[in-house]
Amino acid sequence: MTHARLSLHFLLLLLFCCSSWTQAAVLVSIKPIHSLVAGIMQGVEDPQLLLSGGQSPHRYTLKPSDARNIQQADLIIWIGPEMESFLPRILTASERPNIVLLDLLKIENKTSHNHDHEDHAGRDPHLWLDPLLAKRVVQLIADRLSLLDPKHHGSYEENARTLQQRLDRLHHELESRLAPVRPTPYIAFHDAYGYLEARYRLNSVGTVILDPERLSGARHIRDLQQKIRHTGVGCIFTEPQFEPRLVESLIEDTATRHAELDPLGSDLPAGPDAYFQLMRRVANQLVQCLANK
Ligand SMILES: [Zn+2]
């Protein structure tokens, strides 16, 4: 291609491409993180959300429209291979090797929580469920956005500060809301709540499934039945992303209650408020079931 043709090509791009063509296209994998990114980018641009429905990222298979969104992204913000195991494959096959990836699990290495649950693959990818860890996630994302789009550095920084103050307030609210139910033993559906449990010192005694990508074995089910019968488990939680039938059969003929917890806020409208709504709802669902109100 000659220099003149290249310039013409560029001019055509300027004329016919989207009005905000200089703006980087930001794609976020799951709703809670998308919500934080939308808060940081408020007044600048709206980030795209990859998993907008009620699917579990642990078991997700990409649709052709997802593949198109991924190909058009400049920056993809995801947790890491422990969460969105479907993503590395498509990125390896990508025709655009310059897509920037922001792996949020990078910050997790610096934070340890003493919860002795078995992680999906060593690192616990559910890091948004601790509002104080979310503050660091917000900083990491704001820094990366500023690097990619220095023109809006001021907006990203200011939005991030506002968001971090809001997260602080949420943390204090959850702390007092969850305090009364701290000692009550419960069983969560999958091992998603390690950060929340460590931050608010909750008493989780196990999970219904050990690995979100596989079915539980008969031995694990027997162990759960023992726990439910002998340790006074107050509540066992289902999740909208998983089939609840196993839970119903586990608590048959026992006094253990069941309720739903949704760590992803599947049914909430995406946007800056989704994160706060989903965290408050998780806390309320825990309190209502554990306090038996
Ligand atoms: Zn999970």
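Our structure's up above, just so we're on the same page.
Residues numbered from 1 in each chain as written. Predicted model: local features only at pLDDT ≥ 70, side-chain atom pairs only at ≥ 80, totals over all residues. Heavy atoms only, no water.

(A) Layout of the sheet that holds strand 7 (residues 235-238). Read from one edge of the open sheet, four strands run 6-5-7-8, paired in parallel fashion. Strands with a single pairing partner mark the edges of an open sheet, and in this sheet they are strand 6 (204-207) and strand 8 (257-260). Each adjacent strand pair in this sheet contributes to an overall mean axis angle of 25 degrees, direction not counted. Bridge analysis of strand 5 (residues 186-188) against strand 7 gives two bridges, and the strand direction is parallel. Directly across from tyrosine 186, in strand 7, lies its bridge partner cysteine 235. Against the sheet, helix 9 (residues 218-230) touches strand 5, strand 6 and strand 7, its axis set at about 155 degrees to strand 6. (Pairing = 2+ DSSP bridges. Helix = DSSP H or I, 4+ residues; strand = E, 2+ residues; numbered from the N terminus. Axes fitted to C-alpha atoms, helices over the stretch in contact; angles between N-to-C directions. Contact = heavy atoms within 4.5 Å.)

(B) Main features of unusual backbone geometry. Look at arginine 201: it is not a glycine, yet its phi comes out positive at around 50 degrees. On the secondary structure map, arginine 201 appears in the loop between helix 8 (194-200) and strand 6. Taking the relative accessible area as the measure of exposure, arginine 201 reaches 47% and is therefore partly exposed. With phi around 60 degrees, aspartate 253 is a residue other than glycine that occupies positive phi space. (Buried < 20%, exposed > 50% of the residue type's maximum accessible area, 1.4 Å probe, protein only.)

(C) Region of interest: the packing of aromatic side chains. This model, assessed by the stated rule, comprises four aromatic pairs. Centre to centre, the rings of phenylalanine 189 and phenylalanine 242 are 5.3 Å apart; their planes meet at 25 degrees, and the pair counts as stacked. Highlighted residues: phenylalanine 189 in the loop between strand 5 and helix 8 and phenylalanine 242 in the loop between strand 7 and helix 10 (245-250), separated in sequence by 53 residues. The class for phenylalanine 242 is buried, based on a relative accessible area of 6%. Taking the centre distance of 5.4 Å and the plane angle of 85 degrees together, the rings of tyrosine 275 and phenylalanine 276 count as edge-to-face. By relative accessible area, phenylalanine 276 is classed as buried at 1%. (Phe/Tyr/Trp six-rings, centres within 6.5 Å; stacked < 30°, edge-to-face > 60°.)

(D) Examining the coordination of the zinc ion more closely. For the zinc ion, the full set of protein donor atoms is His58 (NE2), His126 (NE2) and His190 (NE2), at a range of 1.9 to 2.0 Å. Here the donor residues of the zinc ion are spaced in sequence according to H-x67-H-x63-H. Taken together, the positions of histidine 126 in the loop between helix 5 (105-108) and helix 6 (131-148) and histidine 190 in the loop between strand 5 and helix 8 put the pair 64 residues apart, joining distant regions of the chain. We classify histidine 126 as buried; its relative accessible area is 1%. (Donors = N, O, S within 2.8 Å, 3.2 Å for Na, K, Ca; no water.)

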